[in-house]
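Now for the letters of each chain:
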Amino acid sequence: TVRDDGVLDYDLEQETINFAGLLTVDGTVDMEVRQSPRGGVTLTSKKLRSVAKLSNGQSVDVPIDFELEGRLDPQSIDPNASA
């Protein structure tokens, strides 16, 4: 979803992690994606949700308390680089 300020709100879903059939963990990260003046993007986590499910069907929220941030900048193409 694009907000009025031009920031993209994005839900990043993690593939299910399966621990030998005994436990699975699913996660979602609410991200903000901002375009930088030089054409790159900055990704910032806003909320992380993770749920562990036991083989007996019991589900438990897994508390996560950290923030993720990354930046992707465009790179020039080197005309001398081999393909």
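Structural data are supplied above this passage.
In short, a report on the structure. (Residues numbered from 1 in each chain as written. Predicted model: local features only at pLDDT ≥ 70, side-chain atom pairs only at ≥ 80, totals over all residues. Heavy atoms only, no water.)

The subject of this paragraph is the overall build of the protein. If you tally the helices and strands in the protein, you get zero helices and six strands. The order of helices and strands in the protein, counted from the N terminus, is β-β-β-β-β-β. Relative to a compact globule of 83 residues, whose C-alpha radius of gyration would be 12 Å, the protein shows 18 Å and is clearly more extended. When its C-alpha atoms are laid out on the principal axes, the protein stretches across 55 × 40 × 20 Å. Within the span of the protein, comprising 83 residues, buried residues form 20% of the whole. For the protein, restricting intrachain contacts to residue pairs at least 6 apart in sequence, the fraction spanning at least 24 positions comes to 34%. Here the protein displays about 6,800 Å² of accessible surface, and carbon together with sulfur accounts for 51% of that area. Put simply, the protein has 8 plus and 15 minus side-chain charges, and the middle of one group is 3 Å from the middle of the other. (Helix = DSSP H or I, 4+ residues; strand = E, 2+ residues; numbered from the N terminus. Rg over C-alpha atoms; globule rule 2.2 N^0.38 Å. Buried < 20%, exposed > 50% of the residue type's maximum accessible area, 1.4 Å probe, protein only. Contact = heavy atoms within 4.5 Å. Areas by Shrake-Rupley, 256 points an atom, 1.4 Å probe, with all protein chains shown as cover. Lys, Arg positive; Asp, Glu negative; His and termini not counted. Charge placed at Lys NZ, Arg CZ, Asp CG, Glu CD.)

Another aspect to go through is the environment of Asp-5. For Asp-5, the position within the fold is in the segment before strand E1 (8-13). C-alpha separation for the pair Asp-5 and Val-41, spaced 36 residues apart in sequence, amounts to 15 Å. Side chain to side chain, Asp-5 and Arg-3 meet in a polar contact 3.0 Å long. A distance of 3.2 Å separates the side chain of Asp-5 from the backbone nitrogen of Val-7, its partner in a polar contact. (Polar contact = N/O pair within 3.5 Å; in protein donor to acceptor, adjacent residues only side chain to side chain.)

A cluster of nonpolar residues, Val-62, Ile-64, Phe-66 and Leu-68, forms a patch on the protein surface that exposes about 310 Å² of accessible area. For Phe-66, the position within the fold is in the loop between strand E5 (59-61) and strand E6 (69-72). Relative accessible area serves as the criterion here: at 47%, Phe-66 is assigned to the partly exposed category. (Patch = residues over 30% accessible without salt bridge, like charges linked within 9 Å, V, L, I, M, F, W, Y side chains within 5 Å. Salt bridge = Lys/Arg side-chain N within 4 Å of Asp/Glu carboxyl O.)

On the secondary structure map, Ser-45 appears in strand E4 (residues 41-54). What makes Ser-45 buried here is its relative accessible area of 2%. If we ignore the near neighbours within four places in the chain, the residues touching Ser-45 are Val-29, Asp-30, Met-31, Phe-66, Glu-67 and Leu-68.

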